[in-house]
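Coordinate inspection notes
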Amino acid sequence: MAMTVEQLNRQRVVHLLDAFARGDIETALASCTDDVYFLTHAPIDVLPHLVPRQGKQELRELWQTVWSRYSEVRYKTPHIVAEGEAVATYMHAFFKKRSNDRIVQFDMAVFYTFRGGLVAEMREIIDSYDLVQQVLEREIGPLIAGAD
Amino acid sequence: MTEHSLWRFSRALHRAINDRDFRDIEALIDEDVEWALYGPIDMFPFLGARQGKDAVLDVIRQLADNFQVRRFDRESIMLGVDSAASMVRYSLTALDSNKPISLRVAQFAQFRAGKLISMRVLIDTFDLVEQALGRAIHLPKMTSVG
């Protein structure tokens, strides 16, 4: 029986995530359109590499930056919802820092839009306060209180 | 065609938050519901994980105590058979300060027999904290470690 477009797109997202998690950036990029758009709703003044990215080259540079800082990437994806040309994933992400082998663990939601069987847009929402604390390896609360 | 459970739940949730009318939402939450709305719970006690209907209703009451929904726009929505994912832009008013708060929220809901059994919500929490404080949090740029 032929797969539905939802099943195909869901499989394509899993394929992309698997490729990225094993560091195969070119295979992950091959799942994307040439003008792929990437947007993370996260504090870009603190995490400047998470600025919006347009096109494969800009996305390649972002993913290379991530892999230059982390030696291991794992995902657990408890929720995937697909409808038509859109797929949403809720993921637990685990990134191991190259600098000290600590694991940065955070939840993220990614909304994918497909065009012609390729990912044309990725929009992420992250629990960014927690992510920043883990990346900084310090609590933000005392910094806020100290500024008052 | 039967209406998807998400629409009933969404209407009831907004009625609960804006009108403090909890009758509809009570009927749409499973006794064993799992709920997670992650963020800094020291600043926002209604964030965090909850288990069970009473605990979730308590969170919704706290949301109603703290916020009014002025507007919401669904930017993305995907409906499965008993599941739904959406990205929603909310314009809220914080009731204690009358401050406007604008949030983009990812919601993942699962239903069984028309009732909510799981809800996971993600927010750009750093942005939420800055809006609640009314100022930017100044941290060093993580150009080499982030």
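Just so we're clear, the structure is a prediction, and the values are computed from it rather than from any experiment. (Residues numbered from 1 in each chain as written. Chains lettered and ligands numbered in written order. Predicted model: local features only at pLDDT ≥ 70, side-chain atom pairs only at ≥ 80, totals over all residues. Heavy atoms only, no water.)

Scanning chain A from N- to C-terminus turns up five helices and six strands. Listing the helices and strands of chain A from first to last along the sequence gives α-α-β-β-α-β-β-β-β-α-α. Its C-alpha atoms give chain A a radius of gyration of 16 Å, near enough to 15 Å, the size a compact globule of 148 residues would have. Dimensions of chain A, computed from the C-alpha atoms along their principal axes, are close to 60 × 25 × 25 Å. (Helix = DSSP H or I, 4+ residues; strand = E, 2+ residues; numbered from the N terminus. Rg over C-alpha atoms; globule rule 2.2 N^0.38 Å.)

Glancing now at the overall build of chain B. Secondary structure assignment for chain B yields four helices and six strands. Reading the secondary structure of chain B in the N-to-C direction produces α-α-β-β-α-β-β-β-β-α. Whereas a compact globule of 146 residues would reach a radius of gyration of roughly 15 Å, chain B reaches 16 Å, a difference of no more than 12%. Dimensions of chain B along its principal axes, counting C-alpha atoms only, are 50 × 35 × 25 Å. Buried residues in chain B amount to 51% of all 146 residues. As displayed, chain B has an accessible area near 6900 Å², and 48% of this comes from carbon and sulfur atoms. Distance between charge centres in chain B, computed from 19 positive and 20 negative side chains, equals 4 Å. (Buried < 20%, exposed > 50% of the residue type's maximum accessible area, 1.4 Å probe, protein only. Areas by Shrake-Rupley, 256 points an atom, 1.4 Å probe, with all protein chains shown as cover. Lys, Arg positive; Asp, Glu negative; His and termini not counted. Charge placed at Lys NZ, Arg CZ, Asp CG, Glu CD.)

On to the interface of chain B and chain A, then. Every contact between the two is made by 39 residues of chain B and, on the other side, 39 residues of chain A. Both faces considered, chain B and chain A share a buried interface measuring about 3400 Å² in area, 69% of it formed by carbon and sulfur atoms. Linking chain B to chain A there are one salt bridge. The residue Glu75 of chain B makes a salt bridge to Arg123 of chain A at a minimum N-O spacing of 2.9 Å. Those elements that provide at least two residues to the side of chain B that touches chain A are β3 (67–79), β4 (83–94), β5 (99–112), β6 (115–123) and α4 (125–133) of chain B. Considered class by class, the residues forming the side of chain B that touches chain A number 21 nonpolar, 11 polar and seven charged. (Contact = heavy atoms within 4.5 Å. Buried area = accessible area lost by both parts, 1.4 Å probe. Salt bridge = Lys/Arg side-chain N within 4 Å of Asp/Glu carboxyl O. Nonpolar A, V, L, I, M, F, W, Y, C, P; charged D, E, K, R; others polar.)

Moving on to α4 of chain B. Residues of α4 of chain B that are buried: Thr125, Phe126, Leu128, Val129 and Glu130 of chain B. Phi for Gly134 of chain B, located one or two positions after α4 of chain B, is positive at around 80 degrees.

Residues and elements named next belong to chain B. With respect to topology, six strands assemble into an open sheet ordered β2-β1-β6-β5-β4-β3, the strand pairing being mixed. Both edges of this open sheet fall to β2 (48–51) and β3, since each of them pairs with a single strand only. Each adjacent strand pair in this sheet contributes to an overall mean axis angle of 20 degrees, direction not counted. In this sheet, β6 lies alongside β5 in antiparallel orientation, the contact comprising eight bridges. In the strand pairing of β6, Gln107 is matched with Val121. Here helix α3 (residues 53–66) sits on the sheet in contact with β1 (29–37), β2, β3 and β4, set at roughly 55 degrees to β1. (Pairing = 2+ DSSP bridges. Axes fitted to C-alpha atoms, helices over the stretch in contact; angles between N-to-C directions.)

What follows is about the UniProt feature "domain: SnoaL-like" (unreviewed entry) in chain B. Following the UniProt record, the feature "domain: SnoaL-like" (unreviewed entry) maps to residues 11–118 of chain B here. Each end of residues 11–118 of chain B is marked by a C-alpha atom, and these two atoms are 17 Å apart; helix forms 26% of the span and strand 52%. (UniProt positions renumbered as here; feature names shortened; annotations may be inferred.)

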